Amino acid sequence: MNRKIIFFDIDGTIFCTRLGHVTDRVKAAIAQARKRGHLCFIASGRPWAFIADNIRELGFDGYVLANGAHIKFQDMDAGIRYLPHDAVRDLCGKFRQGNIQYILSTPACSYIDPGFTELLNFFGKCNIDLENLVHKFDEEMVFYETLKLEAWVDTKEQVELAASCCGDFASEIHGPGETIEIYGKQVSKATGILRVLDMLRLPVEDSFCFGDGPNDVEMFEPVGSGFAMANGVQAVKSLAREICPDVEQDGVAIKLEELFHRGVL
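Residue numbers here run from 1 along each chain, matching the order of that chain's written sequence. This being a predicted model, a pLDDT of at least 70 is required before a residue's local features are given, and a value of 80 or more before pairs of side-chain atoms are given or counted; all residues contribute to the totals for chains, interfaces and linings. Working from all heavy atoms in the structure, the side-chain values ignore hydrogens and water.

**A closer look at the packing of helix α1 (residues 24-35) against helix α10 (residues 251-261)**
Each pair of packed helices can be described by the angle between their axes along with the distance between the axes.
Move 1: Two elements in contact, α1 and α10, have axes whose closest approach is 8 Å; the angle formed by their N-to-C orientations is 35°. Considering the relative orientation of α1 and α10, their crossing is left-handed. On the side of α1, the interface is formed by R25, V26, A29, I30, Q32 and A33, while α10 contributes V252, A253, I254, L256, E257 and F260.
Move 2: Ten residue types, Ala, Val, Leu, Ile, Met, Phe, Trp, Tyr, Cys and Pro, are classed as nonpolar, four, Asp, Glu, Lys and Arg, as charged, and the remainder, Gly among them, as polar. A per-class count over the contact of α1 with α10 returns nine nonpolar, one polar and two charged. Between N-to-C directions, angles span 0 to 180 degrees; the directions come from axes that are lines fitted to C-alpha atoms, helices contributing only their stretch in contact. For helices the rule is a DSSP run of H or I covering at least 4 residues; for strands it is a run of E covering at least 2, with both sets numbered from the N terminus onward. Whether a crossing is left-handed or right-handed is set by the direction in which the near helix is turned from the far one by less than a right angle, anticlockwise for left-handed and clockwise for right-handed. Any two residues whose heavy atoms approach within 4.5 Å are treated as being in contact.

Printed below as a string of C-alpha cells:
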C-alpha cells in the first residue's frame, strides 16, 4: 500500500471542546494510521505556541500552522512566511490607539502584553497552555518574526476599526466579544498543504483531510479526499467526499477505522 498523508483540524474535529480532550478512540485511530506507515499532520490556524501538550503528545509527523504560514516536519521548521515588519508595526500602533488587545505569534512563541487580560482570559478557555505565552519581550524585534496576530474586540466600534486597519492582511473578523485572526494574504491551509505534498513528493490523490470550520474550506481544495464533521459548517460539508459523525461521537476515529477496513489506509 502506498504511504498516504492525512491532515487534521483540531477544534471540533479531533478535539472536543465540551469534553475538553481528544478521546481515547480518536487517539488510537491516529496512532493506528501512523503504525500503518501513513503520515499524520495537524492543519490549523493556531500557531505553534497555541498547540497544547494534549495535542503534541499524539506524535504527529508534522504541522501546517498559522493558516499555512509555518510548516513543521519531524520537529523541524520546513517553511516559514513572515508578515511584513512595517505593516505589523503600523497595525499594532493603530490597535493600541483603539484600545484593541492583540497577541503576536512567531514560529517558536506567542507574545502578549500581560495587561491584555480580556484576551488572556479568552485563551484560558481555548485549550492553550498559557505558560507558552511570553510576557516580557522587545516588541520591535518580535515584529520581524511575526507570522500571525490575533486581536480582541469588545465593541462594534472596535470591530469597525479593526476591519479598517486590516487591508494589508487576510483576516477573519467576527462580532464584538470575539477574536480576530490576522495573517498573510499569500498563505492559507491550502498553500501549506500543497507545500507539504511537494516537499514529501506525495501525489494529491494520496492525501486526505478532516475538518469542520470556515477556515477548513480552503483545506478541502488541494487534497484528494476530504471528510467533514457532522458538527461542521455547511460550506465544509458541501466540499466533502463524505460526512463523518459528530466530534462528540468519535467521528474521526469511526471514519479512519472504516478506511482501514476498506483497505484505503
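**A closer look at the sheet that holds strand β13 (residues 225-229)**
Move 1: A pair of strands is labelled paired if DSSP reports no fewer than 2 bridges between them. On the basis of which strands lie adjacent, the open sheet formed by eight strands has the order β5-β4-β3-β2-β1-β12-β13-β14 and mixed pairing. Strand pairing shows two members of the sheet lacking a second neighbour, β5 (76-80) and β14 (242-244), which therefore form its edges. Across the sheet, the mean angle separating the axes of adjacent strands is 20° when strand polarity is ignored.
Move 2: The pairing of strand β2 (residues 39-43) with strand β3 (residues 62-65) spans three bridges and is parallel. From the neighbouring strand, F41 faces β3, where its bridge partner is G62.

**Structural notes on the environment of M141**
Move 1: Relative to the helices and strands, M141 is located in helix α5 (residues 139-143).
Move 2: Sequence separation between M141 and C16 is 125 residues, and the spatial gap between their C-alpha atoms is 36 Å.

**Quick look at the sheet that holds strand β11 (residues 178-183)**
Move 1: One open sheet accounts for six strands, arranged β8-β7-β6-β9-β11-β10; its pairing is mixed. Two strands lie at the open edges of the sheet, namely β8 (133-134) and β10 (170-172), each paired on one side alone.
Move 2: Of the pairings in the sheet, the one linking strand β6 (residues 101-105) to strand β9 (residues 148-153) comprises five bridges and is antiparallel in character. Bridge pairing in β9 places S105 opposite K148.
Move 3: Running at roughly 160° to β6, helix α3 (residues 85-97) makes contact with β6, β9 and β11 of the sheet.

**A closer look at the pairing of β9**
Move 1: Judged by how many residues are buried, β9 sits mostly within the fold: six of six residues are covered.
Move 2: A simple rule labels every residue: compare its accessible area, found with a 1.4 Å probe on the protein chains alone, to the largest value its type can have, and call it buried under 20%, exposed over 50%, or partly exposed in between. Residues of β9 alternate between two faces, with K148, E150 and W152 on one and L149, A151 and V153 on the opposite face, all of them buried.
Move 3: Bridge count between β9 and β11: six bridges; the pairing is antiparallel. Bridge pairing in β11 places K148 opposite Y183.

**Concerning the packing of aromatic side chains**
Move 1: Here is the rule: rings of Phe, Tyr and Trp (six-membered ring for Trp) pair when centre to centre is within 6.5 Å. Planes less than 30 degrees apart are stacked, more than 60 are edge-to-face, and the remainder are tilted. Following the criterion strictly, the structure yields 14 aromatic pairs and no others.
Move 2: Taking the centre distance of 5.4 Å and the plane angle of 10° together, the rings of F8 and F210 count as stacked. Of this pair, F8 sits in strand β1 (residues 5-8) while F210 sits in strand β12 (residues 207-211), and the two are 202 residues apart along the sequence.
Move 3: On the basis of an interplanar angle of 5° and a centroid distance of 6.4 Å, the ring pair of F208 and F227 is categorised as stacked. With F208 in strand β12 and F227 in strand β13, this residue pair connects regions lying 19 residues apart in the sequence.
Move 4: Positioned above the aromatic ring of W48 is the side chain of R56, whose terminal nitrogen or guanidinium carbon lies 3.9 Å from the ring centre.
Move 5: Taking the ring centre of W48 as reference, the NZ or CZ of K72 above it sits at 4.7 Å. As a reminder, the over-ring test applies to NZ of lysine and CZ of arginine, requiring each to be within 6 Å of the ring centre and within 35 degrees of the ring normal.

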